[in-house]
Amino acid sequence: MNVAIIGTGYVGLTTGVCLAYIGHSVTCLDTDADKVAALKAGKIPIYEPHLENLISEASERIRFTTSYADAIPNAHVVFIAVGTPPTPSGNPNLEYLSQAATCIGKYLNDDFTVVVNKSTVPIGSGNWVGSIIRDSLEARHGKKVNGLFAVASNPEFLREGAAIGDSLYPDRIVIGSDETRALEVLYTLYRPILDQTFQAPTYLPRPEDKGAVPLVSTDLASAELIKYAANAFLALKISFINEIGQVAERVGAEITEVARGIGLDSRIGSRFLNAGLGWGGSCFGKDTAALVATGREYGLTMPIVEAARMVNQRQRERILEKLLQEVKILKGKTISLLGLAFKPNTDDLRDAPAIDIARHLIERGARVRCHDPIAMDRFKREYGSLEVQLCDNADQLFEDCDAAILVTEWTEYRELDWSKLGRLMRTPILLDGRLVLDRGELSKQGFRYVGISG
Ligand code: UDX
C-alpha cells in the first residue's frame, strides 16, 4: 500500500520505517525543511536503537518530503503523527493536528483514503479531524463531496528506547473507525504484523513465544479512550508502588521485595512496578492531564488518576527532602546527577525528573553537575540556559562533590568503579532514585547509601 505519514517525531518516524520494512511504500512528511533534509541525507534526528538499521534496510520503500502535494494524492492511508503538546489547562494543543487535516483535505484525490489519527488526541478528535478535512475538501471542490475518505484512530503504544520492537512485535493492535471500509484497509495494512509473516531483522529477532498479534477492531471513540486508559493505568501502577514505597520505608520493608511479591501474581503482573523517581517523558504526564481535563468537560472527577499525578510529583520532592536531610545545607554544596534523560536508552528530556531536580537545587544555591551517556548534546540545545556543569565522565562528576543522585538508571551506572568514586567525593553520600544499586556493596565501599524508599 501507499502510505503517507505526517510528522517525523518518535511516533511518525518509527511507524513509517516499520511499515516500509514490512513492505509498504511510505512517504514521510514534515514541515520542518531542515529535518527533512537531514533525513534525506540519512541523519536520524532522534536516538532510538535499531532505527538507523531499519531505515537503511527499507530505504527503497521510504522517502521524505515537505510537500503535501507530493505525499497525499497517491496515499491509500494517511497517518497523522504530529505533536500535540500539553497546554496549561491539561488539554493538548491541537494546532498542528488542525493544520495537517486542512492540508490533507487540499490534496486528497478521488480514490478512497483512510486518514488515521496516530497522535494522542482528546476523545472526539477523530470526528473533529473529519470535519476539518471535509471543510477543506469542499472549499476546493466548491460543493459537498462524500465518500472520499474515512477517519480512523490507531493509537500507538510504543516505548521510547524500545520503539522498533514494540512496533514489530506489539502486544496488540488497536484500530477504531465508524466505517467498516476503513477498518478493512487498516487490517490489510497491518496483516504482516498481525500474522507475524515478515522476516524479522537479524539484530531484533522475533521473541520466541511471539504468536499472532491480537487485533482490537472497534469504534472511533473506544479506540481513542483505549489509548488514554492504557497510559493512565500504567502511570497509576507506578504511582501505586511509589505510594507503597513510603509505607515500606516507615515499617522497614524493602519495596523491591514487595514489588516482586505482588508482581508474581499474574493478575497484577510484574511490569511497571519499579519504585523510584516516578514517570517522566512525553506521554504519561500529558495523557493523565488530558484524561482529567476530558472528565472535567463531562462534569466528572477522576480521583484515581489525579492521585497518581500527585504521587508522581511528590517523588521528585521526596528525593530533595532526603538530600537535605543528609547534607543539611545546600548553599555552596556540589550535587552531582547521574542521568538526564527521562529514562535509559533515550535522549528525550521531556518532563525528565533530572531537569526539575537540577532547577530546584540551583534555586536553593547548590552547584549542579550532570552526566548522561546520550542526552548531554540535547540538553545543551534545549536547556543551555540552565546553569549546570556537564561532565564527560564519572571522575569529573564525582570529584569533590558533596552528594550524588542516581536519576536515570542507565546500565553503565551499575558498573561504575564505586570504591574509586567514593574516594573522589568530599562526602560519599549517594541517593539512589531508581533503587538499582547494591546497598550492601556500596555501604562496604564506605558510602552513605540512601534509597528513595528507605
Ligand atoms: C509510554 C508508554 O509505555 C507507551 O505505551 C506510550 O505509547 C507512550 O508512553 P515511554 O514514555 O516511552 O512510553 O516510556 P515507558 O517505558 O513507558 O516509561 C515511562 C516512564 O515511567 C519513565 O520515566 C520510566 O522511568 C517510568 N517508569 C516505568 C517507572 O518509574 N517505573 C516503572 O516500573 C516503569
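Residues numbered from 1 in each chain as written. Predicted model: local features only at pLDDT ≥ 70, side-chain atom pairs only at ≥ 80, totals over all residues. Heavy atoms only, no water.

Some details on the packing of aromatic side chains
Counted under the stated rule, the structure contains 7 aromatic pairs. With centroids separated by 6.2 Å and ring planes inclined at 85 degrees, the aromatic side chains of W279 and F284 adopt a geometry described as edge-to-face. Three or more aromatic residues joined by ring pairs make a cluster, and in this case those are Y21, Y169 and F198. Positioned above the aromatic ring of F157, the side-chain terminus of R172 is 3.5 Å from the ring centre. Between R206 and the ring centre of F198, over which it is positioned, the NZ or CZ distance is 4.7 Å. (Phe/Tyr/Trp six-rings, centres within 6.5 Å; stacked < 30°, edge-to-face > 60°. Lys NZ or Arg CZ within 6 Å of the ring centre and 35° of its normal.)

Observations regarding the site of the ligand
Around the ligand lies a shell of 19 residues, among which F157, E160, N274, G280 and K343 are the nearest. Between the ligand and R434, the relevant distance is 3.5 Å, taken from an oxygen atom to a side-chain nitrogen or oxygen of the residue. About the coverage of the ligand: the protein hides 93% of its 660 Å² of free accessible area. For the shell around the ligand, the element with the highest residue contribution is helix α9 (residues 220-251), accounting for 3 residues. (Near = heavy atom within 4 Å. Polar contact = N/O pair within 3.5 Å; in protein donor to acceptor, adjacent residues only side chain to side chain. Areas by Shrake-Rupley, 256 points an atom, 1.4 Å probe, with all protein chains shown as cover. Helix = DSSP H or I, 4+ residues; strand = E, 2+ residues; numbered from the N terminus.)

Regarding helix α10 (residues 255-263)
I255, A259 and G263 are the residues of α10 that are buried. Down the axis of α10, the buried set is contained in an arc of 65 degrees. They therefore lie on one face. Of the residues in α10, the exposed ones pointing more than 90 degrees away from the buried face are E257, R260 and G261. Structurally, α10 contributes buried residues whose contacts are with α9. (Buried < 20%, exposed > 50% of the residue type's maximum accessible area, 1.4 Å probe, protein only. Arc of directions from axis to C-beta. Contact = heavy atoms within 4.5 Å.)

Description of unusual backbone geometry
Phi angles above zero are rare outside glycine, and D400 is one such case at about 60 degrees. Turning to its location among the elements, D400 is positioned in the loop between α15 (394-398) and β12 (403-406). Residues other than glycine seldom take positive phi values, yet L435 does so here, at roughly 55 degrees. Here L435 shows up in the loop between β13 (429-432) and α18 (439-444).

Here we look at the packing of α9 against helix α11 (residues 284-297)
Where α9 meets α11, the axes come as close as 9 Å, and the angle between the chain directions of the two elements is 115 degrees. Both α9 and α11 take part in a crossing whose hand is left-handed. Contacts between α9 and α11 involve L225, K227, Y228, N231, A232, L234, A235 and I238 from the former and F284, D287, T288, A290 and L291 from the latter. Across the contact of α9 with α11, the residue classes tally to 9 nonpolar, 2 polar and 2 charged. (Axes fitted to C-alpha atoms, helices over the stretch in contact; angles between N-to-C directions. Left-handed = near helix turned anticlockwise from the far one by under 90°. Nonpolar A, V, L, I, M, F, W, Y, C, P; charged D, E, K, R; others polar.)

Remember, this is a structural readout, not a statement about activity or role.
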